[in-house]
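Okay, here's what each chain looks like letter by letter:
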Amino acid sequence: MSAAYPPGPTDRIWGMSIARKLRRDMLSYYDWLHREYGDMVCMRLGPYRYYVAYHPDQVKELLVTKAKSFHMSPTVRRVIAQWDGNGLITSEGDFWLRQRRLMQPAFSARRFSGYAQMMTDEVQRVADRWAQEIEINGVLEVDVDRAMTDLTLSIVSRTLFGADLELNTAEIGRAVAVLSETAVREMQAPVHTPDWLPTTAKRKKRWASRLLDETVRGFIRHRRASGEDRGDLLSMLLLAVDHEGGSGGMTDEQARDECMTLFLAGHDTSAAGLTWTFYNLAKHPAVAKRLQDEVDTVLGGRTPGYDDLPDLPYTEMVVKEAVRLYPPAIGVFLREALEEVVIGGYPLRKGDLIQVISYVIHRDPRWFPDPLRFDPERFSPHRAEEIPQFAYFPFGGGPRVCIGSHFAMMEMRLVAAMLLQRFDVRLADHQGEVQLLPQMSLRPRGGLRLTFSRRAEVPAAAMA
Ligand code: HEM
């Protein structure tokens, strides 16, 4: 064990210039820190000692073997709890474990065939609408970031909340974007300002919080009114309220918090994953063609189902590679050490902060040769074995690993397969260079314009 602190930038004014650099261009700064100082970097941020770890072994220590020595940083928890309350992301200890166990059945394999059916129904609706527009105009230009947010919002609402109400997905999407931007700003802000301030930013925040709260409470009200037990996540949560509420168990407010957590976490990141998948397919026609060939051979033009997924390995490789280069969550949430603990050979003290950034680790040439090249073959069965454990962790790891990882992987594969089954995709002519916007999910700044057109050759059944 090394006694000294790892190297890192120094800053005479309490890390203020470091904080400014992080605010200005977080991704480049994290990347630069790694190149400049190596696998373990330490700096001062205000009153905290702040570590960033870049080696897969350190990721494993933080998320798995020494996970008990950490919890989410209180600042991050405070920001997220404004919307999620005491939901799964922000809760800790026995309470977290109980809630996680309660919700786990909603993410078990036996539910996936039903979810796949609902997902493909939603994709079909979008694809039919696009096909009609293409019929009229020849091509269709889409802000794919917006379109994927609408789609994943409809999917999460139907699969987890059984919502058959017509949602204003465009408005909800805008509200989520406001919260996402607000959250990142607040996590980086040196001081916390009250929400009642009459500024434009605070007004937008109040509007977005109210809209999302009403949406989620609407799911609960609707289900209570119907009195149905559909056996889905929402029923599970509400039954837990009815059986346990009042006896120290789950309350109505707790059910609301869990619904909000899954509603937000369950669509924003998947939308980003899909946006980056289509971006890369648009830039790499040969990859898109190969994916279409796979889809045509396996499905022969019919709609995919859950059972088809193992037969679509190339589609999976494409999604995995898109999520490697553009991880929707650029890292895990900032952690705080609860006690003295050694990471990467360096001792962290109680109260120290530490972070791992998948965006940088996924682009490290030691684990991914020629890292900026989009190459789905990295995830072919024989080559995937060469990737060290925790060099690739888009869904985190250990006990706090993403509860929705299989759900999201299924969703992304089905959407990519179905849309490419019917359309060719390319970058819109006037789409300039894409800039990355790291908010709660990694997004393209100002959206991403892609052009979808009818496929030159398309199996008849897909158009039927
Ligand atoms: C591409 C899509 C997704 C990505 C990249 C992603 C990423 C992540 C990551 C990295 C974490 C771990 C955070 C940490 O350890 O600090 C996480 C946790 C979580 N994710 Fe996801 N996620 C995705 C989709 C989903 C979906 C579809 C759902 C729900 C339907 C979901 C619900 C959650 C929840 C509730 C947690 C907290 C789990 C816990 O602490 O027990 N995520 N996600």
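None of these values were measured; they are calculated from a predicted model.

Before going further, it helps to spend a moment on the packing of aromatic side chains. Counting across every chain of the model gives 17 aromatic pairs. Between Tyr 29 and Trp 32, the ring centres sit 5.7 Å apart and the planes meet at 20°, which makes this aromatic pair stacked. On the criterion of helical spacing, the pair formed by Tyr 29 and Trp 32 is a turn pair, its members being three residues apart in helix α1 (residues 16-37). Residue Tyr 29 is classed as buried on the basis of its relative accessible area, which comes to 7%. Judged by centre distance (6.2 Å) and plane angle (70°), the ring pair of Phe 161 and Phe 263 falls under edge-to-face. Taken together, the residues Phe 161 in helix α6 (residues 144-161) and Phe 263 in helix α10 (residues 252-265) connect sequence positions 102 residues apart.

Turning our attention to the sheet that holds strand β12 (residues 449-454). Pairing is antiparallel in the open sheet, where three strands are placed in the order β4-β12-β9. Every interior strand has two partners, whereas the edge strands, β4 (139-143) and β9 (423-427), have only one. Ignoring strand direction, the axes of neighbouring strands in this sheet form an average angle of 30°. In this sheet, β12 lies alongside β4 in antiparallel orientation, the contact comprising five bridges. By the bridge assignment, Glu 141 is partnered in β12 with Thr 451.

Of the protein atoms, Cys 402 (SG) alone serves as a donor to the iron atom of the ligand, at 2.3 Å. Along the chain, Cys 402 turns up in the loop between α15 (381-384) and α16 (405-422).

Together, Arg 20, Lys 21, Arg 23 and Arg 24 line one region of the surface with positive charge. Within the secondary structure, Arg 23 sits in helix α1.

Our next topic: the pairing of β12. The sheet contact formed by β9 and β12 spans five bridges and is antiparallel. Its bridge partner being in β12, Leu 427 is matched across the sheet by Leu 450.

A few words on the site of the ligand. If you check the shell around the ligand, you find 25 residues, and the closest are Trp 96, Arg 100, Arg 335, Arg 400 and Cys 402. Arg 100 is positioned with one of its side-chain polar atoms (N or O) 2.7 Å from an oxygen atom of the ligand. Between the ligand and Phe 333, the relevant distance is 2.9 Å, taken from an oxygen atom to a main-chain nitrogen or oxygen of the residue. Contributing elements (two or more residues each) for the shell around the ligand: α4 (93-103), α10, α11 (268-283) and α16.

This next bit is on the environment of Val 415. Mapped onto the secondary structure, Val 415 falls in helix α16. C-alpha separation for the pair Val 415 and Glu 228, spaced 187 residues apart in sequence, amounts to 30 Å. Not counting the four nearest positions on each side in its chain, Val 415 is found in contact with Val 123, Met 148, Leu 151, Leu 274 and Phe 278.

Right, let's talk about the environment of Met 16 for a bit. Relative to the elements of secondary structure, Met 16 occurs in helix α1. Expressed as a C-alpha distance, the spacing of Met 16 and Phe 390, which sit 374 residues apart in the sequence, is 31 Å.

Applying the stated criterion across every chain, the model contains zero disulfides. We note that Cys 259 lacks a disulfide partner, and the nearest cysteine sulfur, in Cys 402, lies 17 Å from it.

Our next topic: the sheet that holds strand β5 (residues 335-337). Reading across from one edge, β1-β2-β8-β5-β3 is the order of the five strands in this open sheet, with mixed pairing throughout. A strand with exactly one partner marks an edge of an open sheet, and here the two such strands are β1 (40-45) and β3 (70-72). Adjacent strand axes in the sheet meet at a mean angle of 30° when their direction is disregarded. The pairing of strand β2 (residues 48-53) with strand β8 (residues 353-356) spans four bridges and is classified as parallel. Counted as the bridge partner of Tyr 51 is Ile 354 from β8. Docked against the sheet, α1 engages β1, β2 and β8, running at close to 155° with respect to β1. Running at roughly 120° to β8, helix α2 (residues 56-65) makes contact with β1, β2, β3, β5 and β8 of the sheet.

Rules and cut-offs
Throughout this document, residue positions are counted from 1 along each chain, in the order its sequence is written. Local features in this predicted model are restricted to residues whose pLDDT is 70 or higher, and side-chain atom pairs enter the listing and the counts only when it is 80 or higher, whereas totals over whole chains, interfaces and linings include all residues. To get the side-chain values, take all heavy atoms of the structure and skip hydrogens and water. Whether two aromatic rings pair depends on their centres lying within 6.5 Å, for rings of Phe, Tyr and Trp, where Trp uses its six-membered ring; planes under 30 degrees apart make the pair stacked, over 60 edge-to-face, and the rest tilted. Helix and strand labels come from DSSP, where a helix needs a run of H or I of at least four residues and a strand needs a run of E of at least two; each type is numbered from the N terminus. Note on exposure labels: buried denotes an accessible area under 20% of the residue type's maximum, exposed denotes more than 50%, and partly exposed covers the range between, all computed with a 1.4 Å probe on protein chains only. Whether two strands pair depends on DSSP finding at least two bridges between them. Lines fitted to C-alpha atoms define the axes, with helix axes restricted to the stretch in contact, and inter-axis angles between N-to-C directions lie between 0 and 180 degrees. Keep in mind that water is not among the atoms, so a site may look incomplete; donors are the N, O and S atoms within 2.8 Å of the metal, or 3.2 Å for Na, K and Ca. For patch building, the residue pool is restricted to those with more than 30% relative accessible area and no salt bridge; the joining distance is 9 Å between like charges and 5 Å between nonpolar side chains (Val, Leu, Ile, Met, Phe, Trp, Tyr). For accessible areas, the Shrake-Rupley method is used with a probe of radius 1.4 Å. Any residue's cover is judged against the shown protein chains and nothing else. Salt bridge, as used here, is a side-chain nitrogen of Lys or Arg placed within 4 Å of a carboxyl oxygen of Asp or Glu. Charge counting treats Lys and Arg as positive and Asp and Glu as negative, with His and both chain ends excluded. The location of each charge is read from NZ of Lys, CZ of Arg, CG of Asp or CD of Glu. In these notes, residues near a molecule or strand are those with any non-hydrogen atom within 4 Å of it. Throughout this description, a polar contact denotes any pair of N or O atoms lying within 3.5 Å of each other; where both atoms belong to protein, one of them has to be capable of donating a hydrogen while the other can accept it, and for residues adjacent in sequence the pair is counted only when both atoms sit in side chains. Residue contacts are counted whenever heavy atoms from the two residues lie within 4.5 Å of one another. Criterion for a disulfide: a pair of cysteine sulfur atoms within 2.5 Å.

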